[in-house]
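# Understanding the architecture of this molecule
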Amino acid sequence: DAPDDQSAPVVPSDPAAPAEGPALIALEGVHKAFGDLHVLKDCDLRVAEGEVAVLIGPSGSGKSTLLRCINQLEEPTAGRVRIAGVTQGYAEEPLPDGRWQKLSPQQIARQRARIGMVFQRFDLFPHMTALQNVMEAPVHVLGRPKAQAEKDALALLERVGLADRAEHYPSELSGGQQQRVAIARALAMEPELMLFDEPTSALDPELVAEVLTVLKELAEGGMTMVVVTHEMGFAREVADQVVFMADGQILEQGTPEQVIDHPQSDRLQGFLASVL
Ligand code: ADP
Ligand code: MG
C-alpha cells in the first residue's frame, strides 16, 4: 500500500531528452500519411544543438520520410517540426493580428537551405569537377563571388581529404570519394544542421570507413546531425542518442548503451540481431 502514489509527480521518462539547452530540432506529434498509408505515427524527437542522433529501423519503417519532414521535402499531415524554435513552413514572427503565416515556396526553399542533406546515392553533377560541384550552390544560390567560392570549396575538399581530387570528374572518383564530395557540397551552404540518409549503404564495404570518418569529424566539430545508418559501430561511437523506428513509430530511444545494449522490445532485439 503506497498512499503517496497519487501525489508523486508524473515525469515521463525520456532518456533522449537533452540534459540542457533548447532543442535545435524538435518534432512534436508528427504524423505523415500518403493516402491510406500512415507512414509516420505521432513521432516526437528532440535533438539539441551539437548532438548526433542516429536513426535505425527496418526498411519501410519511415526513416527517410522522417528526415524528409525535417527538411520540408514532405509536409507533415499533423504535428509540427521546429528548427531552432521556428516551425518549418511558417514565418518566424506572427502577423500583427497574431496569426502565423505560411511561407511561400520561395521562402520555404530559403528555410530549407539552412539544412544540409546527403543521400544514399551521391547525386553529383556528372559534367562538373569535384570543385565545380562544391562551388555550384554558393555561387548560384548564395551569390558568392567565384574566387571566394573556389577558395572555400578547396578548403572543404581538403577537410574531407580530397584536396588532390578537386579537378576530377565524378566518374573518375570512387564511390567513397564521390560521397565525400557530396558532403563537402552540402557543407558549402553552411548549414546549421546536417541530415544523412544511409550515406554508406551504396558503397563497397572497403569504402564505408572513409565516409564514416568524415561524419565523425563533423560531429566532433560540433555539427548537429541526424544520421540514418545501420553502422552500429558508428552509432555506438558517435551517437548521443539512438532512435529505433518500426512501422512509422519511434519505439525506443536513448543512449547507444540503452538502445543497442539493452533493447526493451522484441522488435528492437530482432532488428539488432539482423544488423549486428
Ligand atoms: P525507410 O526509409 O525507413 O525505409 P520510408 O520513409 O522510405 O522508409 O518509407 C516508409 C513507407 O512510406 C514505405 O511503405 C514507403 O513505401 C512509403 N512511402 C514513402 N514515400 C512515399 C510516397 N511519396 N508516396 C507513397 N508512399 C510513400
Ligand atoms: Mg530510407
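See the structure above.
Notes on the structure follow.

Reading guide: rules and limits
Residues numbered from 1 in each chain as written. Chains lettered and ligands numbered in written order. Predicted model: local features only at pLDDT ≥ 70, side-chain atom pairs only at ≥ 80, totals over all residues. Heavy atoms only, no water. Helix = DSSP H or I, 4+ residues; strand = E, 2+ residues; numbered from the N terminus. Rg over C-alpha atoms; globule rule 2.2 N^0.38 Å. Buried < 20%, exposed > 50% of the residue type's maximum accessible area, 1.4 Å probe, protein only. Contact = heavy atoms within 4.5 Å. Near = heavy atom within 4 Å. Polar contact = N/O pair within 3.5 Å; in protein donor to acceptor, adjacent residues only side chain to side chain. Areas by Shrake-Rupley, 256 points an atom, 1.4 Å probe, with all protein chains shown as cover. Nonpolar A, V, L, I, M, F, W, Y, C, P; charged D, E, K, R; others polar. Axes fitted to C-alpha atoms, helices over the stretch in contact; angles between N-to-C directions. Parallel < 35°, antiparallel > 145°, perpendicular 65-115°, else oblique. Left-handed = near helix turned anticlockwise from the far one by under 90°. Pairing = 2+ DSSP bridges. Right-handed = clockwise from strand over helix to strand, strands pointing away. Phe/Tyr/Trp six-rings, centres within 6.5 Å; stacked < 30°, edge-to-face > 60°. Lys NZ or Arg CZ within 6 Å of the ring centre and 35° of its normal. Core = buried A, V, L, I, M, F, W, Y, C linked by side-chain atoms within 4.5 Å.

### Section: the overall build of the chain
Looking only at helices and strands, the chain has nine helices and ten strands in total. Taking 2.2 N^0.38 as the reference for a compact globule, 276 residues should give roughly 19 Å; the C-alpha atoms of the chain span a radius of gyration of 20 Å, in line with that estimate. Burial statistics for the chain: of 276 residues in total, 48% are counted as buried. Look at the contacts in the chain between residues 6 or more apart in sequence, and 66% of them connect residues 24 or more apart.

### Notes on the site of ligand 1
Taken together, Phe34, Leu37, Val39, Pro58, Ser59, Gly60, Ser61, Gly62, Lys63, Ser64 and Thr65 make up the full set of residues adjacent to ligand 1. Here an oxygen atom of ligand 1 and a backbone polar atom of Gly60 are 2.7 Å apart. A distance of 2.5 Å is found between an oxygen atom of ligand 1 and a side-chain nitrogen or oxygen belonging to Thr65. Computed on the free molecule, ligand 1 has an accessible area of 560 Å², of which 59% lies beneath the protein chains in the complex. Secondary structure elements with two or more residues in the shell around ligand 1: β2 (37-48) and α1 (63-70). Looking at the shell around ligand 1 element by element, the count peaks at three residues for α1. Of the residues that constitute the shell around ligand 1, the class distribution is four nonpolar, six polar and one charged.

### Digging into the packing of helix α5 (residues 175-187) against helix α6 (residues 205-220)
Axis separation between α5 and α6 bottoms out at 8 Å; the angle between their running directions is 20°. Judged by the angle between their axes, α5 and α6 are roughly parallel. In this structure, α5 crosses over α6, and the sense of that crossing is right-handed. Between α5 and α6, the contacting residues are Gly175, Gly176, Gln177, Gln179, Arg180, Ile183 and Leu187 on the first element and Leu207, Glu210, Val211, Val214, Leu215 and Leu218 on the second.

### Focus on the pairing of strand β7 (residues 193-197)
For β7, a buried count of five out of five residues is recorded, marking the element as mostly surrounded by other parts of the structure. Residues of β7 alternate between two faces, with Leu193, Leu195 and Asp197 on one and Met194 and Phe196 on the opposite face, all of them buried. Pairing analysis gives four bridges linking strand β6 (residues 115-118) to β7, with the strands arranged parallel. Across the sheet, residue Met117 finds its bridge partner in β7, namely Leu195. Note: β7 against strand β8 (residues 224-228), five bridges, orientation parallel. What sits directly across from Leu193, in β8, is Thr224. Taken together, β7, α6 and β8 form a β-α-β motif whose crossover is right-handed.

### Here we look at the packing of aromatic side chains
In this structure the tally under the stated criterion is one aromatic pair. Arranged with centres 5.6 Å apart and planes meeting at 40°, the rings of Phe244 and Phe271 form a pair that is tilted. Of this pair, Phe244 sits in strand β9 (residues 241-246) while Phe271 sits in helix α9 (residues 266-275), placing them 27 residues apart in sequence. Overall, Phe244 belongs to the buried group, its relative accessible area being 0%. Positioned over the ring face of Phe125 is Arg185, at 5.3 Å from the centre of the ring.

### Describing the nonpolar core
Counting residues in each nonpolar core, the largest one holds 53 residues, and the members touching the most others are Ile56, Leu157, Ile183, Phe196 and Met225. The element that contributes the greatest number of residues to this core is α6, accounting for eight residues. In this view, Met225 contacts Val47, Glu51, Val52, Ala53, Met194, Phe196, Leu215, Leu218 and Ala219; residues no more than four positions away in its chain are not counted. If you look at the next biggest cluster of nonpolar residues, it comprises 26 residues, including Cys69, Ile115, Val243 and Ile250.

The quantities given are spatial measurements derived from coordinates; they are silent on function.
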